[in-house]
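Below are the chains, spelled out letter by letter.
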Amino acid sequence: MYETTLTVVGNIASEPRRLRVGEHELIKFRVASNSRKRLADGSWETGNSLFVTVNCWDKLVTGVGASLSKGLPVVVVGHVFTSEYEDKDGVRRSSLEMRATAIGPNLARCAARVEKIIAAGPENPPATARAEESDGPDCADVDSDADDEVADTAGMAMTA
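About the cut-offs
Per-chain numbering applies: the sequence of each chain, read as written, is numbered from 1 onward. At least 70 in pLDDT is required for a residue's local features to be given in this predicted model, at least 80 for side-chain atom pairs to be given and counted, and no such filter applies to totals for whole chains, interfaces and linings, which use all residues. As a convention, hydrogens and water are excluded, and side-chain values are obtained from all of the structure's heavy atoms. In this description a helix means any DSSP run of H or I spanning at least four residues, a strand means any run of E spanning at least two, and both kinds are numbered starting from the N terminus. Each residue gets one of three labels from its accessible area relative to the maximum for its type: buried under 20%, exposed over 50%, partly exposed in between, using a 1.4 Å probe on protein chains only. Residue contacts follow a heavy-atom distance rule, with two residues in contact if any of their heavy atoms lie within 4.5 Å. The method behind every accessible area is Shrake-Rupley, applied with a 1.4 Å probe, and residues are considered shielded solely by the protein chains displayed. The term salt bridge refers to a pairing of a side-chain nitrogen on Lys or Arg with a carboxyl oxygen on Asp or Glu at a separation within 4 Å. For this analysis, a ring pair means two rings from Phe, Tyr or Trp (six-membered ring only for Trp) whose centres lie within 6.5 Å, classed as stacked if their planes differ by under 30 degrees, edge-to-face if by over 60, and tilted for the remaining angles. For a lysine, the NZ atom is tested; for an arginine, the CZ atom; a charge sits over a ring if that atom is within 6 Å of the ring centre and within 35 degrees of the ring normal. What makes a nonpolar core is a set of buried Ala, Val, Leu, Ile, Met, Phe, Trp, Tyr and Cys residues whose side-chain atoms join them at distances within 4.5 Å. Any two strands are treated as partners once DSSP identifies two or more bridges connecting them. Between N or O atoms, a polar contact is any pair within 3.5 Å; within protein, one atom must be a potential hydrogen donor and the other a potential acceptor, and residues adjacent in sequence are included only when both atoms are from side chains.

Asks: Explain the overall build of the protein to me, please; I cannot follow it from the model alone.
Replies: Looking only at helices and strands, the protein has three helices and eight strands in total. Its helices and strands taken in sequence order, the protein reads β-β-β-β-α-β-β-β-α-α-β from the N to the C terminus. A total of 160 residues make up the protein; the buried ones form 28% of that total. Contacts in the protein between residues far apart in sequence, at least 24 positions, make up 61% of those at least 6 positions apart. About 11,000 Å² of surface is accessible on the protein, with carbon and sulfur atoms providing 49% of the total.

Written out as structure tokens, the structure is:
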């Protein structure tokens, strides 16, 4: 199957919604990309707009959920497809959707602090498991490097 890869530069136009589909997590939101051009007198003229529904699955959910909100400038890369449905009046409609493969802040329009997400596993138990093993955060025997090894929720703190 051929998939169309697209990069969209724009702003998050709706508050991201976190959903569960079977055993998988999903975050959905809309991105608006607007073209503008500068006129001879220095003013800006608004051109066409593109609105796309972005679907973030599995590994993207953690970073997107911790980092992104409505209004932030983003760069989204993914595979686009048309979703067809019937509205409440029975009229057949379609919308453009994107299954995101990568998302990041548009650093031309905001600043970001990036934190690496370390997956929990046999050698990296979740932070909550380490806290239980140490009998609480005030335990004197806790290895001070333990907090540096695991990030339970990480992402990008962005300021627009």
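On we go from here.
Asks: Whenever I open this one, the pattern of salt bridges confuses me. Can you help?
Replies: Once the charged atoms of two side chains with opposite charge are near each other, the side chains can pair. Enumeration according to the criterion identifies five salt bridges in this entry. Here Glu25 and Arg18 are joined by a salt bridge, their closest N and O atoms 3.0 Å apart. By relative accessible area, which is 28% here, Glu25 ends up partly exposed. Classification of Arg18 as partly exposed rests on a relative accessible area of 47%.

Asks: Even after reading the chapter, I still don't get the packing of aromatic side chains, so can you show me in this structure?
Replies: When we look at a pair of aromatic rings, we describe it by the centre distance and by the angle of the planes. For the structure shown, the criterion picks out zero aromatic pairs. A cation over a ring is seen here: Arg36 above Trp44, with NZ or CZ 4.3 Å from the ring centre.

Asks: How should I be thinking about the nonpolar core in this particular structure?
Replies: One broad rule of soluble globular proteins: the nonpolar side chains tend to lie buried together. In terms of nonpolar packing, the biggest core is built from 18 residues, with Phe29, Val31, Val54, Cys56, Val64, Val76 and Ile103 touching the most fellow members. Contributions of two or more residues to this core are made by β1 (4–12), β3 (24–38), β4 (44–57), α1 (59–67), β5 (73–86) and β6 (92–105). Discounting chain neighbours no more than four positions away, the residues touching Val31 are Val8, Gly10, Asn11, Ile12, Ala13, Leu50, Phe51, Val52, Val54, Val74 and Val76.

Asks: Would you take a moment to explain the pairing of β1 for this structure?
Replies: With eight bridges joining them, β1 and β5 adopt antiparallel strand pairing. Among the inter-strand pairings, Asn11 is bridged to a residue of β5, identified as Pro73. Across two bridges, β1 lies against β3 in antiparallel orientation. Bridged to Asn11 within β3 is Ala32.

Asks: What should I look at first to understand the side chain of Asp87 in this one?
Replies: Mapping Asp87 onto the fold places it in the loop between β5 and β6. Residue Asp87 is classed as buried on the basis of its relative accessible area of 18%. Engagement of the side chain of Asp87 in a polar contact is seen with the backbone nitrogen of Asp89, the distance being 3.0 Å. A distance of 2.9 Å separates the side chain of Asp87 from the side chain of Arg93, its partner in a polar contact.

What is shown is where atoms sit, not what they do.
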